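Secondary and tertiary structure notes
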Amino acid sequence: MTNDPLRADLAKEPSQVASMFNHVASRYDLMNSLGSLGQVHLWRRATVSAISPEPGERILDLAAGTGTSAHAIARTGASVVACDLSPGMIAVGQERYPELEFVEGNATDLPFADDEFDAVTISFGLRNVADVPAALTEMLRVTKPGGRLVIAEFSSPTNRFFDGLYRFYLGGVMPPVARAFSSDEVAYDYLIESILAWPGQQHLGEMIQQSGWEDVQFKNLSGGIVALHRAHKAY
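Because the structure is predicted, anything quoted here is derived from the model rather than measured.

1. Notes on the UniProt feature "binding site: S-adenosyl-L-methionine" (unreviewed entry) in the protein chain
- Mapped onto this structure's residue numbering, the UniProt feature "binding site: S-adenosyl-L-methionine" (unreviewed entry) falls at Thr66, Asp84, Asn106, Ala107 and Ser123.
- Along the polypeptide, Thr66 turns up in the loop between β1 (58-62) and α4 (68-74).
- Contact partners of Thr66, with chain neighbours within four places excluded, come to Ala25, Asp29, Met89, Val92, Gly93, Arg96, Tyr97 and Phe102.
- Mapped onto the secondary structure, Asn106 falls in the loop between β3 (101-104) and β4 (117-123).
- Classification of Asn106 by relative accessible area gives partly exposed; the value is 23%.
- Apart from residues lying up to four places away in sequence, Asn106 is in contact with Pro14 and Leu85.

Encoded structure:
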């Protein structure tokens, strides 16, 4: 691993994305908390509630990073597989949560069998995937008939004035925070750009439906800064 600042570009080539996240792994969760002003904890609880995991269910958490989201799901009694593209993030996660099952994998070519999971979820990672429709199709493949999909992702604030404040925060406040606290502030330039370039709630809902999922719905959190999309696989 080099000490030079690393970032991916918006083409989201998997090796670049993995390398960038390897570099920021040690302080990634700290930056999530600081950058969201603590809102990430509320978003995580809302995501677990949307998944509605049952004890004994097998749930796949994609882009699981250091396992923080997977740990929250596992506390309900479900069996969780934390899957991530970055071996550096996984290494940090295995140290923090040795009880979790971690698997290295690409969302567009998952190393799992058909119809394996009761639910699949991905939090703040779908926008880092190079081929979103392919990833949504893979999630459908590994989900059992009748199983659930839950996606938590940054989205578009619904109020124009609030949207302007949000964009100012991303462009004017987040960079100095990243310089002060991140292990690689350059990587956060990409992460901010990827948020601003990501499609809105309706567009993502259409992509999910076009990938074969049914009963697609979304719920805005924090005024639309984040949207929770939910769907089911047909029986």
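Now that the structure is up, let's keep going.
2. Notes on the nonpolar core
- With 47 residues, the main nonpolar core has Met20, Phe21, Trp43, Phe154, Met174, Tyr188 and Val226 as its most contacted residues.
- What Val226 contacts, discounting residues up to four positions off in sequence, is Trp43, Phe124, Glu153, Phe154, Ser155, Lys219, Asn220 and Leu221.
- In terms of nonpolar packing, the next biggest core, distinct from the first, is built from 27 residues, Val103, Leu140, Leu149 and Ile208 among them.

3. Some details on the pattern of salt bridges
- Inspection of the entire model under this criterion finds 10 salt bridges.
- With a shortest N-O distance of 4.0 Å, Arg58 and Glu101 are connected by a salt bridge. Here Arg58, found in strand β1, pairs with Glu101, found in strand β3; they are 43 residues apart in sequence, far enough to count as distant.
- According to the relative accessible area criterion, Glu101 is partly exposed, its value standing at 38%.
- Notably, a salt bridge pairs Asp115 with Lys233, separated by 2.8 Å at the nearest N-O pair. Taken together, the residues Asp115 in the loop between β3 and β4 and Lys233 in the segment after β7 (226-232) connect sequence positions 118 residues apart.
- Bridged by salt links that share partners, the residues Arg58, Glu101 and Glu116 form one connected network.

4. Section: the sheet that holds β7
- Taken in spatial order, the seven strands make up an open sheet running β3-β2-β1-β4-β5-β7-β6, and their pairing is mixed. The open sheet has two edge strands with one neighbour each: β3 and β6 (214-221). Strand-to-strand twist of the sheet, defined as the mean angle between neighbouring strand axes without regard to direction, takes the value 20 degrees.
- When β1 meets strand β2 (residues 79-84), the two strands line up parallel, connected through five bridges. Among the inter-strand pairings, Arg58 is bridged to a residue of β2, identified as Ser79.
- Across the sheet, helix α3 (residues 39-51) touches β1, β4, β5 (143-154), β6 and β7, and the angle it forms with β5 is around 165 degrees.

Definitions and limits used
Residues numbered from 1 in each chain as written. Predicted model: local features only at pLDDT ≥ 70, side-chain atom pairs only at ≥ 80, totals over all residues. Heavy atoms only, no water. UniProt positions renumbered as here; feature names shortened; annotations may be inferred. Helix = DSSP H or I, 4+ residues; strand = E, 2+ residues; numbered from the N terminus. Contact = heavy atoms within 4.5 Å. Buried < 20%, exposed > 50% of the residue type's maximum accessible area, 1.4 Å probe, protein only. Core = buried A, V, L, I, M, F, W, Y, C linked by side-chain atoms within 4.5 Å. Salt bridge = Lys/Arg side-chain N within 4 Å of Asp/Glu carboxyl O. Pairing = 2+ DSSP bridges. Axes fitted to C-alpha atoms, helices over the stretch in contact; angles between N-to-C directions.

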